[in-house]
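Each chain is listed here by its residues.
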Amino acid sequence: MKTGFSVFLAAFVALGASWFGLVYAPLEQLGRAQQTVILHSTDAWPPQRTGDVTLGLQVYRASGCVACHTMQVRQTGVANEIALTDLKDHPATDFKEFLNSLLIAPPLDACSNVILANLEHWDGKVPVTLYSGDDGAVVAALADKLKPAGVKTATGVLASGSDLARGWGLRQSVAADYLYDQPVQLGNLRAGPDLSLIGVRAPDLNRHLQHLYAPKSLVKDSTMPAFRFLFEVRKKVDGQPSPDALVLPPEFAPAAGLEVVPTAEARHLAAYLVSLQASAPLYEAPFTPVTAAK
Amino acid sequence: MNQSGNNTAGANEIDTSCRVPLLALFGGAALWLVLGLALGFAAAMSFHAPDLFADCSCLTFGHAQAAANDLLLYGFVLPAALGVVLWIFARLSQAPLALPIVPVVAANLWHLGVLIGTVAILMGDSTGHAWLEYPRESAVLLFAAFLLIAVSAVATMGLRANRDLYPSHWFLFAALLWFAWSYSTANLFLLSAHPPRGVVQAIIGWWFANNMLFVGLALLGIGIAFYFLPKFLGRPLPGADYILFAFLTLVFFGTWCGVPQGAPVPAWLPAVSAFAAMLSLLPVLVVAIVLWKIGRGAGVKCFGGPLCFIKFGILSFLVTGFLYLIGFCPSASRVLDFTWFGFGLSQWQLLGFMGMILLGAIYEILPRIMHRDLPFPKLAQVSYFCFAGGVLVYVLPLMIGGVVQGVKLGDPSVPFADVSAVVLLFFRASSLGQVGLLVGALFLLLNVLVLTVQWKLGLLKLVIAAVKAPLSVPACAPASTSNSAPLSTSGEVKS
């Protein structure tokens with residue numbers, strides 16, 4: 001490093017390499033992404049947005065909601081599950097015997113212990129989970145071989161992780177979920193809960209409006225600041241409340257004769273929150289909830 | 001650089017040439033630091049009393065916190081660092097600052113950009129991208145101002161009498177390239193009329209934040225510390241080969257970090273970042289070795305002087321660098337991501353590492369360029385303890401609270417309300433540190449302001465004296481340009 005030029009060259013090559021790797025390559029890979037297709041369906045994902053939802057994202061950005069809320073769910077694993085859902089009048093003992101005979105051949109022999117352990121205290125009630133693990137081949141083989149036996153099974157892919165256990169998502173977030181976001185508001189702090197699935201968890205628009213106006217009226221110990229500046233407190237016309245006035249508990253309601261009416265911004269923001277429903281299984285993030293096994 | 005120290009007349013001339021540009025940069029930086037810390041305090045108030053700013057959209061948490069973060073980075077750290085870089089380059093070149101009027105103009109453009117950006121965020125016109133919240137107008141101003149300052153800095157570097165480069169040259173020169181490239185890339189992509197689709201925006205944002213807050217600050221901080229430490233400790237910088245190794249590994253590996261583990265992006269991106277983060281531990285380790293070599297047994301006491309600031313800052317670099325890189329390890333990221341840990345860490349990087357080094361440098365440089373002592377040297381010393389204590393009380397509860405939060409979030413049987421309640425205790429404790437920081441910053445602002453006023457009064461006296469002087473004085477004598485007046489003041493102080 002004797003000359004300024006050599007320093008410049010080293011810095012230029014180093015930063016240039018990372019520019020190609022972390023800016024140019026992702027642009028090439030994802031920059032021209034289009035809608036994708038929901039798994040086992042012909043529907044497109046993500047759905048096109050309506051006007052108020054698009055405007056709502058701008059209110060979300062302008063209010064700095066991203067400072068406290070993430071919009072990305074992580075999963076730690078995937079489990080392939082197969083459950084017995086219907087014995088079709090076969091006695092449970094017969095089924096067990098038949099299953100035992102299957103467990104000798106690969107690939108099932110490798111996990112015969114696991115499967116037998118699942119059925120050790122089985123009293124014949126269905127549904128019962130036969131196998132749940134990361135080996136998809138086992139599930140496929142079991143489903144294949146149990147079919148001729150005349151019993152019904154259900155297979156599924158279960159995403160797991162603490163975020164999912166909290167109900168914040170049904171699967172991990174993937175790049176496709178953010179196709180229409182401008183700006184993308186992933187967030188990096190969970191001072192409040194994750195919002196990827198808030199539209200499924202709380203589908204009521206009016207509930208969102210009330211929560212924005214007075215968070216404590218719905219969540220007692222909420223640390224969320226109130227967003228009263230998105231609302232208008234005004235006099236009732238002829239003593240009659242207007243149709244969109246908030247219905248608030250008495251301790252949060254304004255003085256008599258006044259009413260709280262959401263502004264257009266508040267309505268857009270609530271519409272945007274209701275639209276956050278990352279609930280579709282995708283090729284890169286599959287899940288089929290096995291309702292039977294739960 | 002040692003020669004320039006011996007040649008006092010040269011040093012005087014060099015310092016004087018830096019006076020106006022550096023005052024413009026440091027003065028604004030001190031003001032933004034106070035405002036940034038005050039806004040950060042206002043933002044934290046939202047967690048003490050959630051409904052405090054319910055009717056005031058300007059100061060709602062999302063606005064105030066973003067504005068505070070950007071004020072610290074763009075308002076305080078960058079202009080102050082650029083000022084220090086100008087001075088170090090002039091000293092290392094043993095030549096007066098080249099094009100001294102250019103950085104003065106640039107400093108004003110820069111501060112205007114910060115003002116516009118801050119107002120825009122508070123009014124709800126933020127772009128929504130972390131660390132890039134300033135709108136387009138503001139970004140253009142900042143970038144133009146930066147280019148002007150960089151031109152002056154590189155021109156000064158080109159004037160050097162001894163053609164050999166000092167290690168600080170590598171780091172600081174590279175830092176100039178870093179800001180120019182990463183800031184322009186990020187803004188051109190994210191704030192254009194047709195930004196890239198979807199999650200690519202987040203990837204570019206991470207790339208920028210990593211190159212700014214980790215690599216960029218490391219380049220600036222190490223470069224400045226490696227200039228001052230040998231002077232303060234009175235011994236040469238050891239192991240040029242070690243330092244070269246640290247420089248090259250930092251720029252080649254550090255730049256690839258940034259994509260968090262588990263992010264909703266193609267899996268190769270977080271994998272590359274995790275691998276690069278592991279390799280980036282090398283420069284942190286090597287800097288630690290160099291510090292050990294230069295600092296061991298030096299026995300220099302500092303009592304809140306510039307050396308204390310720089311020691312605290314460079315040690316903070318080691319700690320924050322290590323913690324930052326460990327955060328890319330998948331098992332650590334599962335606990336630490338999405339918690340207050342990351343927030344506390346970035347505040348430590350900005351205030352505890354870079355901020356402390358800059359404050360030490362400013363307190364060291366100010367008396368030299370003004371040719372007079374600080375008006376309140378005692379307050380400068382007190383401000384060290386305010387800052388050192390303030391930073392630790394501010395960030396440590398946040399980071400410990402973040403770990404607790406991460407562990408509890410990972411256990412789905414703990415309700416989210418309980419997680420929030422526990423974290424709130426840590427968060428409230430951290431606000432005390434913000435008060436300490438604010439007091440320290442006010443002492444800095446007081447010193448800079450009074451020093452500036454004293455200097456302006458001196459200039460005014462010169463002008464009055466020139467006006468009152470007998471007419472036989474040649475017409476060129478009055479202090480009509482900014483260059484002639486400071487030179488004559490310096491002559492008086494010296495005699």
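Residues numbered from 1 in each chain as written. Chains lettered and ligands numbered in written order. Predicted model: local features only at pLDDT ≥ 70, side-chain atom pairs only at ≥ 80, totals over all residues. Heavy atoms only, no water.

Trainee: Hey, could you go over the interface of chain B and chain A for me, with residue numbers and the actual values?
Mentor: Chain B puts 80 residues into the contact, and the matching count from chain A is 69 residues. When residues of chain B are sorted by the area they lose upon contact with chain A, W181, R197 and F338 of chain B head the list and together hold 13% of the total. Our count for the contact surface shared by chain B and chain A stands at two salt bridges. Taking the shortest distance from any N to any O, the salt bridge between D337 of chain B and R74 of chain A comes out at 2.9 Å. Of the residues contributing to the side of chain B that touches chain A, the split by class is 47 nonpolar, 22 polar and 11 charged. (Contact = heavy atoms within 4.5 Å. Buried area = accessible area lost by both parts, 1.4 Å probe. Salt bridge = Lys/Arg side-chain N within 4 Å of Asp/Glu carboxyl O. Nonpolar A, V, L, I, M, F, W, Y, C, P; charged D, E, K, R; others polar.)

Trainee: Residues and numbers for helix 2 (residues 51–62) of chain A, please.
Mentor: The terminal C-alpha atoms of helix 2 of chain A lie 17 Å apart, and with 12 residues this matches the ideal 16 Å at 1.5 Å per residue to within 8%. Of all the residues in helix 2 of chain A, the buried ones are V53, G56, L57, V59, Y60, R61 and A62 of chain A. For helix 2 of chain A, the elements touching its buried residues are helix 9 (264–275) of chain A together with helix 3 (61–93) of chain B. Where helix 2 of chain A terminates, the next one or two residues include G64 of chain A, which has phi positive at roughly 70°. (Helix = DSSP H or I, 4+ residues; strand = E, 2+ residues; numbered from the N terminus. Expected span 1.5 Å × (residues − 1). Buried < 20%, exposed > 50% of the residue type's maximum accessible area, 1.4 Å probe, protein only.)

Trainee: So what about the state of the cysteines? Which residues, and what values?
Mentor: Residue and element names in this part refer to chain B. Tallying each qualifying case throughout the model produces one disulfide over all chains. At a sulfur-sulfur separation of 1.9 Å, the disulfide partner of C302 is C308. As the torsion about the S-S bond is roughly 80°, the C302-C308 disulfide counts as right-handed. By relative accessible area, C302 is classed as buried at 18%. (Disulfide = S-S within 2.5 Å.)

Trainee: Summarise the pattern of salt bridges; cite the residues concerned and give the values.
Mentor: Residue and element names in this part refer to chain A. Considering all chains together, one arrives at 12 salt bridges over all chains under this definition. The shortest N-O distance in the salt bridge between D194 and R190 comes to 3.3 Å. Residues D194 and R190 agree in their burial class; the two are buried. By sharing partners, the salt bridges in this structure join D163, R190 and D194 into a single network.

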